[in-house]
Amino acid sequence: MSKQNLVSKAVRFALVCGAASGFAGKAFAADDTAATTTAATDTSTAQLGKIEVTGTKIKRTDVEQAQPVNIITQQQIKATGITTIGQLIQKLPSSGAALNTLANFGGNFQFTGGGESNVDLRNLGASRVLVLVNGKRWATSLVGTVDLNTVPTSIIDHVEVLQDGASAIYGSDAIAGVVNIVTVKDYNSREANAYLGIYNGDGHYDGRTQSYDFTMGGSNDKSGLVFNVSYTNQEAIPSAHRNISKEPVIGAGAASGSSAIPNGRFVIVAPGTSTGSDPGNVVDPTTGLTQAQCPTTNLNAPSQAPNYQPLCDLTLIHGVSGKPSVSDFRPFISGGPNSDRFNYAPYNFVLTPEERYSTYFQGYTDLADNLTFKADMMYSHRDSRQQAAPEPLFFASSSINIDIPANQAYNPFGFDLDTSSNLGLLGRRMLETGNRLYHEKGDMFRFSGGFNGYFNMIGGEWDWDAGYIFSKESEIDTNAGHFDVSHLRVALGDPATCASTIGCVPLNLFGGAAGITQSMLDYVSYTTQNQFENNERIYNADISNGSLFEMPGGSAGLAIGAESLEHDGFFNPDSVAQNGYDSFNPGRPVAATAGRTSERSLYAELDLPLVGDVSGIKLLDLDLAGRHTNYDTFGSNNTYRWGLKYQPNGDWLIRTSWSQGFRAPSINDLFSGNTNLSANITDPCSGPVSGRPASCAGVPASYVQPNAQINTLEGGNPNLQPETSVSRTLGFVYSPEGLTGFNLSMDYYKIDVNDTINPISGQAIFDGCYFGGDPSLCSRITRTPFGTVKTVQDSVTNVGTTSTSGIDVAVNYAFPSTGIGDFKLSVDETHIKSYDLNGLELAGFERGGTVFPFGIPKDKLRASLDWSAGAWSAQYGLRVIGHMTEVPTNNHIGTTVYHDVQVAYGVDSIGTTFTFGVRNLWAKEPPLSTVQELNSFDPTLYDVPGRFLYARVGVKF
């Protein structure tokens, strides 16, 4: 029997059981009305008292379990002044690096778009966190992550964050933990909220954020409906508006910028030499290049590898326009205060603009006393943007391989420029086309529906649930400011070919900003358009009994169930990119991504209260779970979990757990084509030969790395193996009866992930090759004859083992009521003891790059003091991010402390609450980073530079 048939039969069995129990109840009522009334009342009371807590499928009246769960209430969400749940969860101490709207990566480091906000727990990556809404899987993308901002904040009742693995209960992805977003259910009101906030930093008021939502609903004993609409608009903050981000490396000026400049950088090998020491001597009698123009030339050296002399490094003299001559060029100044390099930083975003709107509908109705139909639907639209400096065209064998013949209309040198021999680099910043603009329009639809109920059978009352979920994501990305390499070749090639090609106009890359006309741009530039689609279908059937039979410590519980999950999707890049002609990915066809994965699983969970109410043991409870899954691509897998809960008395709870995890590669992991990323990498083979590692032998002695950013290729790998993991926790909860309102918890965790699926990262490849001597990493690096890096292959692979361990501490205390109001104190801290990636310790280090995690502080803390008195309430918040050391620069990043305040006043007579707040009250600047790709600070850890002021008005009627 196939697993699909098994799941289908399980669903039908659950539905039949529910229907049969309904008929049985009616028949029983005909025989004994009085007995039925009593039984119905008792059952109803039991049903109301039972809840399902994240981490278990057994409905219980006791919410304490062996795994640590952090609960964020609706009140706490509003107190942060944050408009999206993604932003909120990313600020939890246990959260790590994840994509958010501070990350301008869609515009710089990936061919596809950005604009999402993901969640990462334990710094293990967003694809290793399972996100649920009301206990059901939320829609995941092709890369296996969830955009949390698709869930409107205004319909959230609370959020449960399970900080432990749970694959045995929920299946694949739940390695680092589970985030369960629980929405409001019985809602008998109408509520509208209006929110306005703005950033203030370095003399600018910007990044204005508006949010509006309306919720209405009604419920009775039999049914309930909730409807919500919401709208959010976040405006951009240009990098030029903040001192920390207006240069590639703050304080370094243009010297840290790009070799692609508006006047062009031309590194060429002149075809002939003359002898003599007079600086005015002609270097090339054909072109008239002089020793003064090529001051680094060794006239006595041969014009061949490895020195490539005479080597001329030139740029156009400012003010020259039209078609230049050889005398219009001077030596390019690489470093120092007068550097010719281009400062690309001001063109980026510190905060990316984003507009969202969504509608949400949720309802349920009792078809019988023990049978309920429930459904929810959600539609969300996202309009997000990123921005980068105008496109840099790099002509060399390492990038765009285009030869420019001597008779090209604007070639001033009089000889062929050949990227495989005499053209070391041509770098031209195309200011004429304007900024590179990246725009994503994404739509998501999700439907969840099913039946649930209960019936009495062997062992008492059984709760069952059977349902279906369908979600669809689609997105159109447009990227303006790119160039068609096939058209560049014609426009820079043989004049006769250009003349006979419709639309072709010879392109002038040598004449500075005034040298390029609109007709030239019309032929060579274009706007890319990429399309995504992603579909998921989930079928489930679950049945549980919280009082299966009695044991010394209480009632045993059992849950069993079946699930079928199907996932398919595609990414269709623009046809120009597919043919390898996009200037962002030159010469490397961007393959379309398409694939399908499916899995069928069965699980069981058993809760055994072993001992209870004896001397020294109030309760000793053992929870066991196991899951068997069949994957269409990887065969079968079994995962297991056990948890032990021990209460010696009413004050203490000691808990421990052990669990196995499993994550199948995503569609993107398996099937995506190569994508070009521009990563900041320090090449160990650059610079003086005397300082190079011995492994750099063969790299030309004259080689100096022209740009900090090196092209790396990332893509899928169909040979990937699934990840497996083991998680362990040990902790306690202390709630003394003599100190009402006080709770202290402390939990130790350790997670080992085997066969970790990840890119290696460009810098790690270079360091491992040239310092570590790893030949497999050296094989990923390809150089040109000039020594310049042509490609770095960094496709995802099973990189080895990731291990992390640490301690979570939480303190909560509701002080006794005072004459000036009520006070509550909350403190949460996570200390990371170790984070080992294949023998490389990352805890306490910031490494930048384009591969998460960037930085892993050993300590993160969040604290709040809440006060309320009558209609007034206020909160003071503290957020602490521990110090780190940057690699490889050893720059020290100090501890950062943010202060947040909020005050609210409610007017009951008009059902209105007014809220005012400031995040980052003292405008604390993020610590300076010298290894970040953009903006000189880590966007996954720190706030936008400057304070954020906001106000909210909420009305209930």
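The rules behind the values
Residues numbered from 1 in each chain as written. Predicted model: local features only at pLDDT ≥ 70, side-chain atom pairs only at ≥ 80, totals over all residues. Heavy atoms only, no water. Helix = DSSP H or I, 4+ residues; strand = E, 2+ residues; numbered from the N terminus. Core = buried A, V, L, I, M, F, W, Y, C linked by side-chain atoms within 4.5 Å. Buried < 20%, exposed > 50% of the residue type's maximum accessible area, 1.4 Å probe, protein only. Contact = heavy atoms within 4.5 Å. 1 Å grid on protein atoms, 1.4 Å probe; cavity = no way out; pocket = protein on both sides within 12 Å on 5 of 7 lines; lining within 4 Å. Points joined across faces, edges and corners; volume = space filled by probe spheres on them. Nonpolar A, V, L, I, M, F, W, Y, C, P; charged D, E, K, R; others polar. Phe/Tyr/Trp six-rings, centres within 6.5 Å; stacked < 30°, edge-to-face > 60°. Pairing = 2+ DSSP bridges. pLDDT = per-residue confidence, 0-100. Patch = residues over 30% accessible without salt bridge, like charges linked within 9 Å, V, L, I, M, F, W, Y side chains within 5 Å. Areas by Shrake-Rupley, 256 points an atom, 1.4 Å probe, with all protein chains shown as cover. Salt bridge = Lys/Arg side-chain N within 4 Å of Asp/Glu carboxyl O.

Here we come to unusual backbone geometry. Here the bond from valine 887 into proline 888 is cis, since omega is 10°, no more than 30 degrees from zero. You can see proline 888 is positioned in the loop between strand S45 (884-886) and strand S46 (892-893). One non-glycine residue, aspartate 613, lies in positive phi territory at about 55°. If you trace the backbone, aspartate 613 turns up in strand S26 (residues 593-614).

The subject of this paragraph is the nonpolar core. In terms of nonpolar packing, the biggest core is built from 39 residues, with Ile85, Val159, Val179 and Ile181 touching the most fellow members. Residues contacting isoleucine 181, with those up to four places away along its chain left out, are Ile85, Leu132, Val133, Asn134, Leu148, Val151, Ile156, His158 and Val159. Counting 37 residues, the second-largest nonpolar core is a separate cluster that includes Leu417, Val485, Leu488 and Val490.

Empty space among the atoms becomes apparent when a probe as large as a water molecule is rolled across them. Inspection of the entire model under this criterion finds 11 cavities of 30 Å³ or more. Roughly 610 Å³ of volume is contained in the second largest cavity. Residue classes in the lining of the second largest cavity are distributed as 16 nonpolar, 17 polar and 3 charged.

Enumeration according to the criterion identifies 22 aromatic pairs in this entry. Where tyrosine 199 meets phenylalanine 948, the ring centres are 4.5 Å apart and the plane angle is 50°; that geometry is what we call tilted. With tyrosine 199 in strand S6 (residues 190-201) and phenylalanine 948 in strand S49 (residues 947-956), this residue pair connects regions lying 749 residues apart in the sequence. Between phenylalanine 266 and phenylalanine 510, the aromatic rings sit 5.3 Å apart at their centres with planes inclined by 25°, giving stacked as the arrangement. You can see phenylalanine 266 sitting in strand S10 (residues 265-269) and its partner phenylalanine 510 sitting in the loop between helix H7 (495-499) and helix H8 (518-524), a full 244 residues away along the chain. Judged by its relative accessible area of 0%, phenylalanine 510 falls in the buried class. These aromatic residues form a ring-pair network of at least three members: Trp652, Phe732, Tyr734, Phe742, Tyr813 and Phe815.

Before going further, it helps to spend a moment on the sheet that holds strand S5 (residues 177-183). Pairing in this open sheet of 5 strands is mixed, and the strands run S1-S4-S5-S2-S3 from one edge to the other. One side of each edge strand has no neighbouring strand; the edge strands of this open sheet are strand S1 (69-73) and strand S3 (136-137). Here strand S2 (residues 129-133) pairs with S3 via 2 bridges, running antiparallel. Opposite leucine 132, over in S3, you have arginine 137 as the bridge partner.

To continue, consider the confidence of the model for the protein chain. In the predicted model, the protein chain carries a mean pLDDT of 87, and 90% of its residues have values of at least 70. Here residues 1-49 scores under 50 on pLDDT; set against residues more than four positions off or in separate chains, the count is 39 contacts. Scored below 50 in pLDDT, residues 298-308 shows 22 contacts in the model against residues more than four places distant or in partner chains.

Judged by side-chain polarity, Trp872, Val903, Tyr905, Ile910, Phe914, Phe916 and Val953 come together as a nonpolar surface patch covering roughly 610 Å² of accessible area. For the nonpolar patch, the elements supplying multiple residues, two or more each, are strand S47 (896-907) and strand S48 (912-919). With respect to the secondary-structure elements, valine 903 resides in strand S47.

Relative to the helices and strands, proline 392 is located in strand S18 (residues 392-395). With a relative accessible area of 18%, proline 392 lands in the buried category. In this structure proline 392 touches Ala260, Arg428, Arg429 and Arg436, once residues within four positions along its chain are discounted.

This brings us to the sheet that holds strand S41 (residues 845-846). Strand order in the open sheet made by the 4 strands is S42-S41-S45-S46, with mixed pairing throughout. Looking along the sheet, the strands with just one partner apiece sit at the ends: strand S42 (855-856) and S46. As defined by bridge partners, S45 adjoins S46 across 2 bridges and the pair is classed as antiparallel. Looking across to S46, one finds that threonine 885 is bridged to histidine 892.

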